[in-house]
Amino acid sequence: MLNLAIDFRQEQSERSFCDIIGRSERMRAVFDLIERVADSDSTVIINGETGTGKGMLARAVHQLSNRRDKPFVTINCGTIPENLLESELFGHVRGAFTGAAATKPGKFDIANGGTIFLDEIGDMSPDLQVKLLRVLEEREFEPVGGCRTVKVDVRIIAATHRDLEEAVQKGTFREDLFYRLFVIPVTLPALRERRCDIPLLTEHFREHFSREKRREVSGITPEATELLIRYDWPGNVRELKNMLERLVVLKGSGEIGLQDLPEKIRGAEGGLVPPAFEFNDEGINLTTAVTEFEKNLIRQSLVRSNGVKNKAAKLLHLNRTTLVEKIKRLQLD
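**Student:** Whenever I open this one, helix H11 (residues 236-251) confuses me. Can you help?
**Tutor:** Since there are 3.6 residues in each turn of an α-helix, residues three or four apart along the chain are aligned in direction. End to end, H11 covers 22 Å across 16 residues, agreeing with the expected 22 Å (1.5 Å per residue, within 8%). When H11 is considered as a whole, its buried residues turn out to be Asn236, Val237, Glu239, Leu240, Met243, Leu244, Leu247 and Val248. Within H11, the buried residues cover an arc of 160 degrees as seen down the axis, which keeps them to one side. Check the buried side of H11 and you find it contacts helix H9 (198-212), strand E10 (216-220), helix H10 (222-230), strand E11 (253-256) and helix H12 (263-266). At the exit of H11 stands Gly252, carrying a positive phi of roughly 80 degrees.

**Student:** What is the right way to read the sheet that holds strand E4 (residues 72-76) from this model?
**Tutor:** The strands making up a sheet associate through hydrogen bonds between their backbones, and the pairing can be parallel or antiparallel. The strand order across the open sheet formed by 5 strands is E4-E5-E8-E3-E9, and the pairing between neighbours is parallel. Two strands lie at the open edges of the sheet, namely E4 and strand E9 (184-187), each paired on one side alone. Neighbour to neighbour, the strand axes of the sheet diverge by 20 degrees on average, direction disregarded. Pairing geometry for E4 and strand E5 (residues 115-119), over 5 bridges, is parallel. For Val73, the partnering residue across the bridge sits in E5 and is Ile116.

**Student:** I tried to follow the nonpolar core on my own but got confused; where do I start?
**Tutor:** As a rule of thumb, nonpolar side chains are buried together in soluble globular proteins. With 31 residues, the main nonpolar core has Phe108, Leu118, Ile121, Leu132 and Ile156 as its most contacted residues. Taken together, the elements giving at least two residues each to this core come down to E4, helix H4 (82-90), E5, helix H6 (126-138), strand E8 (155-160), helix H7 (164-170) and helix H8 (175-181). For this core, the leading source of residues is H6, giving 5 residues. Sequence-distant contacts of Ile121, that is, excluding residues within four places in its chain, are made with Ile45, Cys77, Leu132, Ala158, Ala159, Thr160, Leu164, Phe173 and Leu181. Judged by nonpolar contacts, the second largest core, of 26 residues, contains Leu201, Val237, Leu240 and Val303.

**Student:** Even after reading the chapter, I still don't get the packing of helix H13 (residues 286-304) against helix H15 (residues 320-329), so can you show me in this structure?
**Tutor:** How two helices sit against one another is set out by the angle between their axes and by the gap between those axes. Where H13 meets H15, the axes come as close as 11 Å, and the angle between the chain directions of the two elements is 120 degrees. Taken together, the axes of H13 and H15 are oblique relative to one another. The interaxial crossing formed by H13 with H15 has left-handed handedness. Between H13 and H15, the contacting residues are Glu294, Ile298 and Leu302 on the first element and Leu323, Lys326, Ile327 and Arg329 on the second. Its residues assigned to classes, the contact of H13 with H15 comprises 4 nonpolar, no polar and 3 charged.

**Student:** Is there a simple way to think about the pairing of strand E3 (residues 44-47) in this case?
**Tutor:** Pairing analysis gives 4 bridges linking E3 to E8, with the strands arranged parallel. Bridge assignment links Asn47 to a residue of E8, and that residue is Thr160.

**Student:** Where do I start with the side chain of Thr115 in this structure?
**Tutor:** Along the chain, Thr115 falls in strand E5. Residue Thr115 is classed as buried on the basis of its relative accessible area of 0%. With sequence-adjacent residues up to four places away left out, Thr115 is seen in contact with His62, Arg67, Pro71, Phe72, Val73, Arg155 and Ile157.

**Student:** What's the story with the side chain of Asp119 in this structure? I'm lost.
**Tutor:** With respect to the secondary-structure elements, Asp119 resides in strand E5. It turns out Asp119 is buried and unbridged, and the closest side chain with the opposite charge, Lys54, is 5.2 Å from it. Contact partners of Asp119, with chain neighbours within four places excluded, come to Lys54, Ile75, Asn76, Cys77, Gly78 and Ala159.

**Student:** When you look at unusual backbone geometry in this model, what are you seeing that I'm missing?
**Tutor:** Excluding glycine, most residues fall at negative phi; most peptide bonds, likewise, are trans. Even without being glycine, Asp19 reaches a positive phi, approximately 75 degrees. Summarising the element assignment, Asp19 is placed in the loop between strand E1 (16-17) and strand E2 (20-21). Its identity is not glycine, yet Arg214 carries a phi of approximately 55 degrees, on the positive side. Mapped onto the fold, Arg214 is located in the loop between H9 and E10. For Arg214, a relative accessible area of 72% puts it in the exposed group.

**Student:** Can you walk me through the pattern of salt bridges in this structure?
**Tutor:** Pairing of side chains with opposite charge becomes possible as their charged atoms draw close. Scanning the model with the defined rule gives 25 salt bridges in all. A salt bridge links Glu212 to Lys213; its shortest N-O distance comes to 3.3 Å. Residues Glu245 and Lys213 are paired through a salt bridge, measuring 3.2 Å at the closest nitrogen-oxygen approach. Of the two residues, Glu245 is situated in helix H11 and Lys213 in the loop between H9 and E10; the sequence distance between them amounts to 32 residues. On the accessibility criterion, Lys213 (25% relative accessible area) is partly exposed. A network of salt bridges, in which partner residues are shared, links Arg134, Glu138, Glu140 and Lys151.

**Student:** What is the right way to read the packing of aromatic side chains from this model?
**Tutor:** Two aromatic rings, taken as a pair, are described by how far apart their centres are and by the angle between their planes. Within this structure, the stated rule accounts for 9 aromatic pairs. Geometrically, the ring pair formed by Phe17 and Phe31 is stacked, given 4.6 Å between the ring centres and 15 degrees between the ring planes. Of this pair, Phe17 sits in strand E1 while Phe31 is found in helix H2 (residues 25-37), placing the two residues 14 residues apart along the sequence. Given a relative accessible area of 7%, Phe31 falls into the buried group. Taken together, the aromatic side chains of Phe90, Phe108 and Phe141 make up a single cluster linked through ring pairs.

Calculation rules
Every chain's residues receive numbers from 1 upward, in the order its sequence appears when written. Side-chain atom pairs in this predicted model are given and counted only at pLDDT of 80 or more, local residue features only at pLDDT of at least 70, and totals for whole chains, interfaces and linings cover all residues. Values shown for side chains rest on all heavy atoms present in the structure; no hydrogens or waters enter the calculation. Helix numbering and strand numbering both begin at the N terminus, where a helix is a DSSP run of H or I of at least 4 residues and a strand a DSSP run of E of at least 2. Expected span of a helix, by definition, is 1.5 Å for each gap between consecutive residues, and there is one gap fewer than residues. Think of it in three bands: residues with accessible area under 20% of the maximum for their type are buried, residues over 50% are exposed, and the middle band is partly exposed, with areas taken using a 1.4 Å probe on protein chains only. Here the arc refers to the directions that run from the helix axis out to each C-beta atom. In what follows, a contact means two residues having at least one pair of non-hydrogen atoms within 4.5 Å. At least two bridges found by DSSP between two strands is the condition for calling them paired. Lines fitted to C-alpha atoms define the axes here, with helix axes fitted over just the stretch in contact, and angles between the N-to-C directions of these axes take values from 0 to 180 degrees. Side-chain atoms within 4.5 Å are what join buried Ala, Val, Leu, Ile, Met, Phe, Trp, Tyr and Cys residues into a set we call a nonpolar core. Roughly parallel means an angle under 35 degrees; roughly antiparallel, over 145; roughly perpendicular, 65 to 115; everything else is oblique. Handedness of a crossing is defined here by the sense of rotation of the near helix relative to the far one, left-handed for an anticlockwise turn of less than a right angle and right-handed for a clockwise turn. Ten residue types, Ala, Val, Leu, Ile, Met, Phe, Trp, Tyr, Cys and Pro, are classed as nonpolar, four, Asp, Glu, Lys and Arg, as charged, and the remainder, Gly among them, as polar. When charges are counted, Lys and Arg are positive and Asp and Glu negative, with His and the chain ends excluded. When a carboxyl oxygen of Asp or Glu is within 4 Å of a side-chain nitrogen of Lys or Arg, the pair counts as a salt bridge. Here a Phe, Tyr or Trp ring, Trp counted by its six-membered ring, pairs with any other such ring whose centre lies within 6.5 Å, and the pair is stacked when the planes are under 30 degrees apart, edge-to-face when over 60, and tilted otherwise.

Here is the structure:
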């Protein structure tokens, strides 16, 4: 039988997937899907909010595929002006436009045999969508200003933070391209949708930046960790990572505590204890209030035990099996 009292650091090493940290049910489902489709060569499209790690997941697909020894090429379709994006994707011949002093290969040429990651594909213009559709269907294209057809063997992984189905309905995204891309759709959850991963991520970033910045920050207090869990993280993992870098650099040594957190996060401090419920003129739903009270206590016990369920159960004076059943019933990670 597995030893349930696994040290937090040992558990953390078992909760990453191609350098992506996560143990929540949502992330485990994503990891399982990627493992099953990585070597299929099928087109993958990743949907998720900005900062959720779409680029890391795309690289994980490539690393687990049969193309892992070939190029992995990334291009952000939302940051390159429309008049330059076609040249970046398909290359151009000398004299194709003003400033084209030499023939230049595009990203599809460079990625030949490997994988191309088209980030923020929802920002691509309708004209380029037509040309991308041709690459998907026929595996060929023509460089800007050229008349020679170039054949390529690439796997396409796309990503977007937009709702492409809605974009299709509005007429800003081609329906035929949408269906060509949506072979293997993957949705990355926002960080607020997998709060149990926040202690793992904060510990990972604390260790990383302590080494990189030559600091001696030894940990994060349970009280500070609870506030990090309560914060909604609109910038997702990227925001958490940047904040941890700042905290480690400024702290220098010792533990990161409540006083070190930004004001916007300390504003949640009042929620560290189970909230008091007050009656109003309409009364109060006792069942809902009790459920929220129970959720709050279980979350705090999991934070204080670093996610080790048998330790959390002891804090709550419960059997571990009872705690696990409650976590499932309350739909807590």
